[in-house]
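Coordinate analysis (summary)
These are the residues of each chain, in order.
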Amino acid sequence: MDLLAWVRGPAFDAALAIFIVGVIWRLIELLMLGRGVSLAEPRGPEFPAGLRTIVLRSWPSAAKLKTGATTLVLGYGFHIGFFVGLLLFVPHIELVHATFGLRWPGLPTPLVDAATVVGIVALLAALAHRLSHPVIRFLSTSQDYLVWVATLLPLVTGYLAFHRIVNPYPLALSIHILCVELLMVIFPFTKLMHAFTLFIARWYNGAIAGRRGVQS
Amino acid sequence: MAQSKTLGERLQSHGVSRRGFLKFCAATASLMALPPSMIPAIAAALEKARRPSVIWLSFQECTGCTESLTRSHTPTIEGLIFDHISLDYHHTLQAAAGDAAEAARKAAMQENEGQYLVVVDGSIPLGNPGFSTIAGVSNVDMLKETVAGAKAVIAVGTCASFGGIPHAYPNPTGAVSVSDLVKDKPVINVSGCPPVPVVITGVLSQLLTFGTLPELDHYGRPLAFFGQSIHDRCYRRPFYDKGLFAETFDDEGARKGWCLYRLGCKGPMTYNACATAKWNEGTSWPVESGHGCLGCSEPDFWDAGSFYKSLSVPTGDVARNAGYAVAAGVALGAAAGALNRAKRAGAIKRHEKVNVDDLGDDQG
Amino acid sequence: MSSWDGIDIRVESAGSAPDSWGNAVPILHEVLHALRRLAESGESTLIDVKSLPFGPGDEEQLLAALGEGEVRAKLDTLGESRIWESRYAGVWLVEHLNVDGGRVAFHIEITEVPQILCSQADDISAAVRNLETDLSDRS
């Protein structure tokens, strides 16, 4: 019970501070450095091309299916399962409501449960894929494995807590929240930043292409 | 004082038939939350049960636990149980006071050495013994003295089990629980603020009937009553699973009886019998009356954040902390960005070249 | 953040709560399974109604569904007890009350006849002695 009070109190405050300061600091540094100035005559507008790229890159292309079907399917499976579990489960919605005042309806818990399982399975399959594919394995670093563990833990511990597989419940919930705090703390220092930088990267790619007058 | 008649003999002398005795056993089984199939075992045990002496010590408490217990009387059945125990000392309920009462307590302890039960409600202050005394004796001294010859100790209420409200921050009296002080005797914690009345009598019945300690959880609470969480036995659970929640008190969802998670119900982390045994002899319980569970049978529930904040919500002021963090991030980021730009401008001016070693190992 | 402001309270006119919480039907299914066992192997079952997490109205719905059958009995020991057979043969309801009319136990017994209705061996032995005494007093 004391552990639960601690993880919901000072531990969360610390993790939140590190997360927010880290993410915003990095993003601002990134944006302030910016791109080099292009001295060529622009052949088209940057702005709409940038916006289009942000949206359209979320849709898989037929080409990607041929070259990297496994990555595509597992990637979508994990992200969809993860976000459904994170954003459409009412206790999590309450957390956002307490912070930002936003609220939206949630899904029935059996559906969230199924989505979590999809996310966990996809993560496990992704690790298997990483280990069995010689090129990806060659390119993998310790950070990749660390991030994988940190991402898997909240899903698994949340599932265990919800289903009362680990007892007593206050301990199981504390472990879950602790794993989420771990994820928050390493977020700004690892490739997890892609959650924010992907928008910047897509924008830049689209804007550059648009300026050149080519399809992005 | 305690007599050596068995309960079976006592009932017979009261003119109760065997059929009546069976009814008594059925009621006792229900009381102890045991399956009806155990009634024959209870009958066999109760026939031979002898009358134990019970000493009740009240320390830093609000008397709510005693109130809860005395409201639980469904006379005759539970009354018989309490007729059968010899409540030799209870300074709220007994007629005697002062020296006469203390003399009665000491006599009971001596006569039943090694066999009597000690029931404690209220926490024990260690900060200054003068915070709570009875007949000039501090709580901690009286506890130590009384427990020495006891068979077992029952800590009734969250105060005695875990420290309760006196133990809440900043704990000005240095309050501790019974199990913090008693290490050499079995301690049963019957927590709750107050405990469900039938839980108190059920535990006493169990001790009376079988003479053995019930199975306890990791907090020392009887599993029969504290083995399930409120969430897992709540009749509103189907609404939680369907995603139907009351948003405010007395809104449409609340009147339809939807789940109270969003209103701060601590049911998922609370283990007690309220959802099945209910209160006021089965009338209702907090959730049924429309208010979320406070978690009153759990340790330090007073310090666990607002009663109206959901379990998944952190206890600190998240919005404010996030605001400070954003401001700090912007400031630090802007400063770092300015430094980077200066560095770049300087490098351009000096016509510095970039080679592959400068690109480094950065993966973030 | 002021804690009092966080509690929203709105006063509205009386609304509707459901008549029951749907807990009666699963119990009826349990009774059906027990009744099947009784029919096939003679095995009796006892369900402690007080231990079930009923919401308001559930018990009324369950009792209405079970109804009343041909047999009604009243026990007078340590307070009243009411025993009656439901509309389904073999499904009995046993309600024990104390002297003040408060309920101390409530069972559904799926059996040929609840054991508490039968005369107990000890009571029969005592009755033998009593009748012998009464007869010898007469003669």
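Everything in this summary refers to the structure shown in the same document. Just so you know, the residues in each chain are numbered from 1, in the order the chain's sequence is written. Naming scheme: in the order in which they are written, chains are lettered from A and ligands are numbered from 1. pLDDT decides what is reported in this predicted model: residues at 70 or higher carry local features, side-chain atom pairs at 80 or more are listed and counted, and totals for whole chains, interfaces and linings draw on all residues regardless. Values reported for side chains reflect all heavy atoms of the structure, with hydrogen atoms and water molecules removed beforehand.

Observations concerning the overall build of chain C
A run of H or I in DSSP becomes a helix once it reaches four residues, and a run of E becomes a strand once it reaches two; helices and strands are each numbered from the N terminus. Helix and strand counts for chain C stand at three helices and five strands. Taken from N to C terminus, the helices and strands of chain C fall in the order α-β-α-β-β-β-β-α. When a residue's accessible area, from a 1.4 Å probe over protein chains only, is under 20% of the maximum for its type it is buried; when over 50% it is exposed; and in between it is partly exposed. A buried classification covers 36% of the 139 residues belonging to chain C. Whether two residues touch is decided by their heavy atoms; if any such pair falls within 4.5 Å, the residues are in contact. Residue pairs at least 24 apart in sequence account for 42% of intrachain contacts in chain C once pairs closer than 6 positions are excluded.

Describing the overall build of chain A
Across its full length, chain A carries eleven helices and zero strands. Overall, chain A shows an N-to-C arrangement of helices and strands of α-α-α-α-α-α-α-α-α-α-α. Along the three orthogonal principal directions, the C-alpha set of chain A runs to about 65 × 35 × 35 Å. Per-residue burial over chain A gives 39% buried out of 216 residues. Pairs at least 24 residues apart make up 70% of the contacts formed inside chain A by residues separated by at least 6 positions. Total accessible area computed for chain A in this model is approximately 11,900 Å², and 74% of it derives from carbon and sulfur atoms. For the accessible areas, the method is Shrake-Rupley and the probe is 1.4 Å, while residue cover comes only from the protein chains on display.

A look at the sheet that holds strand β4 (residues 91-97) of chain C
At least two bridges found by DSSP between two strands are what make those strands a pair. Sheet architecture is open: five strands sit in the order β1-β5-β4-β3-β2 (chain C), paired in antiparallel fashion. With partners counted over all chains shown, the strands left at the sheet margins are β1 (45-48) and β2 (72-76) of chain C, one partner each. Between one strand and the next, the sheet's axes are offset by a mean angle of 20 degrees, whatever the strand orientation. Here helix α2 (residues 18-31) of chain B sits on the sheet and contacts β1, β2, β3 (80-85), β4 and β5 (103-110) of chain C; the angle it forms with β5 of chain C, its principal contact strand, is near 95 degrees. An axis is simply a line fitted to the C-alpha atoms; with a helix, the fit covers only the stretch in contact. Between two such axes, the angle follows the N-to-C directions and lies from 0 to 180 degrees.

A look at the interface of chain B and chain C
Across the contact, 35 residues belong to chain B and 45 residues belong to chain C. The quantity reported as buried area is the accessible area (1.4 Å probe) lost by two parts once they are put together, taken as the sum for both. Buried surface at the junction of chain B and chain C, summed over both partners, amounts to about 3,400 Å²; 60% is from carbon and sulfur atoms. Ranking the residues of chain B by area buried against chain C places Arg19, Lys23 and Arg255 of chain B at the top, with a combined share of 23%. For this document, the term salt bridge refers to a Lys or Arg side-chain nitrogen within 4 Å of an Asp or Glu carboxyl oxygen. The interface formed by chain B and chain C contains one salt bridge. Any pair of nitrogen or oxygen atoms within 3.5 Å is treated as a polar contact; in protein, a donor-acceptor pairing is required on top of that, and neighbouring residues in sequence qualify only through side-chain atoms on both sides. Where chain B packs against chain C, one counts eleven residue pairs in polar contact (both at pLDDT 80 or more).

Concerning the environment of Tyr169 of chain B
Residues and elements named next belong to chain B. Position of Tyr169 relative to the elements: it lies in the loop between α9 (164-167) and β8 (175-176). Classification of Tyr169 as exposed rests on a relative accessible area of 72%. In sequence terms Tyr169 and Pro314 are 145 residues apart; their C-alpha atoms lie 18 Å from each other.

Comments concerning the pattern of salt bridges
Under the criterion given, the structure shown has 23 salt bridges over all chains. One salt bridge in this structure joins Arg237 of chain B and Asp232 of chain B, with 3.1 Å as the shortest N-O distance. Note on Arg237 of chain B: relative accessible area 18%, which makes it buried. Overall, the relative accessible area of 32% leaves Asp232 of chain B in the partly exposed class. As a salt-bridge pair, Arg103 of chain C and Glu59 of chain C come within 3.0 Å of each other at their nearest N and O atoms.

Brief notes about the interface of chain B and chain A
Taken together, the 48 residues of chain B in the interface contact 43 residues of chain A. Buried surface at the junction of chain B and chain A, both sides included, amounts to about 4,000 Å², of which 61% is carbon and sulfur. Counting across the interface, chain B meets chain A through three salt bridges. The partner of Arg262 of chain B in a salt bridge is Glu94 of chain A, and the shortest N-O contact between them spans 2.2 Å. Linking chain B with chain A are 17 residue pairs in polar contact (both at pLDDT 80 or more). Contributing elements (two or more residues each) for the side of chain B that touches chain A: α13 (230-233), α14 (237-242) and α17 (318-349) of chain B. Of all the elements, α17 of chain B adds the most residues to the side of chain B that touches chain A, at 18 residues. Three classes are used, and their members are as follows: Ala, Val, Leu, Ile, Met, Phe, Trp, Tyr, Cys and Pro are nonpolar, Asp, Glu, Lys and Arg are charged, and the others, Gly among them, are polar. Tallied by class, the residues present in the side of chain B that touches chain A amount to 23 nonpolar, 15 polar and ten charged.

Some details on the pairing of β2 of chain C
Residue and element names in this part refer to chain C. Strand direction decides the pairing type here: β2 and β3, joined by five bridges, are antiparallel. Following the sheet pairing, Leu75 is matched in β3 by Ser81. Hairpin connection, β2 to β3: the antiparallel pair is bridged by three residues, and Leu78 has positive phi, about 55 degrees.

Focus: the side chain of Thr116 of chain A
Residues and elements named next belong to chain A. With respect to the helices and strands, the residue Thr116 is situated in helix α7 (residues 109-132). Thr116 sits in the buried class, given a relative accessible area of 11%. Among the polar contacts listed, one links the side chain of Thr116 to the backbone oxygen of Val112, at a separation of 2.8 Å. Setting aside anything within four residues of it in sequence, one finds Thr116 in contact with Gly81, Gly85 and Leu155.

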